[in-house]
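Summary of structural features
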Amino acid sequence: MKSNNPFLNRGLENTNFSQSTVIDITHNNDTNIMTLNGTMNKSFILLTLLISSAYFAWNYLPALTGNSNIFLYSSAIIGFILVIISTFKPQASPFLAPAYALVEGVFLGSISMYFNALYPGIVLNAVMATFVTFITMFALYRTRIIVASEKFKSVVIGATMAIAAFYLMNMVLRFFFNVSPISEGNSLLSIGISAVVVVVAALNLILDFDSIEQGSKSNLPKYMEWYSSMGLMITLVWLYLEILRLLSKLSSRD
């Protein structure tokens, strides 16, 4: 099955799961295959772990260490490593996905605490906006108002890759040439760029929903429930961070 999500597609390429294996499993034991309900349950588990970890990082890490920066940077690095490993070893997703949710929760809790100190109340607004966006995109997908057609997939994936390249270029400009990228600051151009990125991140949820639905219909192995749920969490984390960034730019103009 060709996936719509780049993260999930890489996992499928590294899944040693032939069609004959699918037939054997469906005839012998359907508990060994990916299901829609199973993926939803695992997504809920990962979300619970992420929120719990973020709550702990927000409330207790600064008191324990006096400095949350070490957890902010280390959790970001560890989370990235876990994603890379899971991409090439999707069979390990039942272990890597929960670990990612816990580590990413520490990262989100730490960075949210930083933004909330600058702009009180911004985190609650970002969480609510992320939740509303998720529900809205899910409703648009379920009602087929937005259809994950091949053209739609190509446009969203292309836009996502362009954003990744743009962020990489910004990192190079900042660290090697000491140049402030145009996406920084609170100018109207910078706010417009953040708004576009938020829209693209939201549209990636459609790809996640479609990948999960198609995967459940294709009798993929059971561990792909964890892998697909992890892909959904990655998109949600990205969406939250972009909304948080956009709100911070808007707040700084007040």
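Residues numbered from 1 in each chain as written. Predicted model: local features only at pLDDT ≥ 70, side-chain atom pairs only at ≥ 80, totals over all residues. Heavy atoms only, no water.

1. Structural notes on the overall build of the protein chain
- Across its full length, the protein chain carries 10 helices and zero strands.
- The secondary structure elements of the protein chain, listed N-terminal to C-terminal, are α-α-α-α-α-α-α-α-α-α.
- The contacts in the protein chain between residues at least 6 apart in sequence include a share of 85% that link residues at least 24 apart. (Helix = DSSP H or I, 4+ residues; strand = E, 2+ residues; numbered from the N terminus. Contact = heavy atoms within 4.5 Å.)

2. Some remarks on the packing of helix α7 (residues 122-142) against helix α10 (residues 224-252)
- Where α7 meets α10, the closest approach of the two axes is 9 Å, and the angle between their N-to-C directions is 130°. Between α7 and α10, the interaxial angle falls into the category oblique. Note on packing geometry: the crossing formed by α7 with α10 is right-handed. Here α7 contributes Ile122, Val123, Asn125, Ala126, Val127, Ala129, Thr130, Thr133 and Phe134 to the contact with α10, which in turn contributes Leu232, Leu236, Leu239, Tyr240, Ile243, Leu244, Leu247, Ser248 and Ser251.
- Residue composition of the contact of α7 with α10, grouped by class: 13 nonpolar, five polar and no charged. (Axes fitted to C-alpha atoms, helices over the stretch in contact; angles between N-to-C directions. Parallel < 35°, antiparallel > 145°, perpendicular 65-115°, else oblique. Left-handed = near helix turned anticlockwise from the far one by under 90°. Nonpolar A, V, L, I, M, F, W, Y, C, P; charged D, E, K, R; others polar.)

3. A word on the packing of aromatic side chains
- Applying the stated rule across the entire model yields six aromatic pairs.
- The interplanar angle of 75° and the centroid separation of 5.6 Å between the aromatic rings of Phe134 and Phe209 together place this pair among those described as edge-to-face. Within this pair, whereas Phe134 is found in helix α7, its partner Phe209 is found in helix α9 (residues 188-217), the two being separated by 75 residues in sequence.
- Residue Phe209 is classed as buried on the basis of its relative accessible area of 7%. (Phe/Tyr/Trp six-rings, centres within 6.5 Å; stacked < 30°, edge-to-face > 60°. Buried < 20%, exposed > 50% of the residue type's maximum accessible area, 1.4 Å probe, protein only.)

4. A few points about the nonpolar core
- By size, the foremost hydrophobic cluster in this structure holds 54 residues, and its most contacted members are Tyr100, Met137, Leu205, Ile206, Phe209, Leu239 and Leu244.
- Of all the elements in the fold, those that place two or more residues in this core are α3 (36-59), α5 (69-88), α6 (93-118), α7, α8 (150-176), α9 and α10.
- Broken down by element, this core gets its largest block of residues, 14 residues, from α10.
- When neighbours within four sequence positions are excluded, Met137 is seen to be in contact with Ile146, Ala202, Leu203, Leu205, Ile206 and Phe209. (Core = buried A, V, L, I, M, F, W, Y, C linked by side-chain atoms within 4.5 Å.)

5. Here's the deal with the side chain of Ser190
- Among the secondary structure elements, Ser190 is positioned in helix α9.
- A distance of 3.0 Å separates a polar side-chain atom of Ser190 from the backbone oxygen of Gly185.
- Those residues in contact with Ser190, other than ones at most four positions away along the chain, are Ile182, Ser183, Glu184, Gly185 and Lys249. (Polar contact = N/O pair within 3.5 Å; in protein donor to acceptor, adjacent residues only side chain to side chain.)

6. So, the packing of α5 against α6
- Running from N to C, α5 and α6 cross one another at 155°; their axes reach a closest spacing of 8 Å. Regarding the angle of α5 to α6, the classification is roughly antiparallel. The way α5 lies across α6 gives a crossing that is left-handed. Across from Phe71, Leu72, Ser75, Ala76, Ile78, Gly79, Leu82, Val83, Ile85 and Ser86 in α5, the residues of α6 making contact are Ser93, Leu96, Ala99, Tyr100, Val103, Glu104, Val106, Phe107, Ser110 and Ile111.

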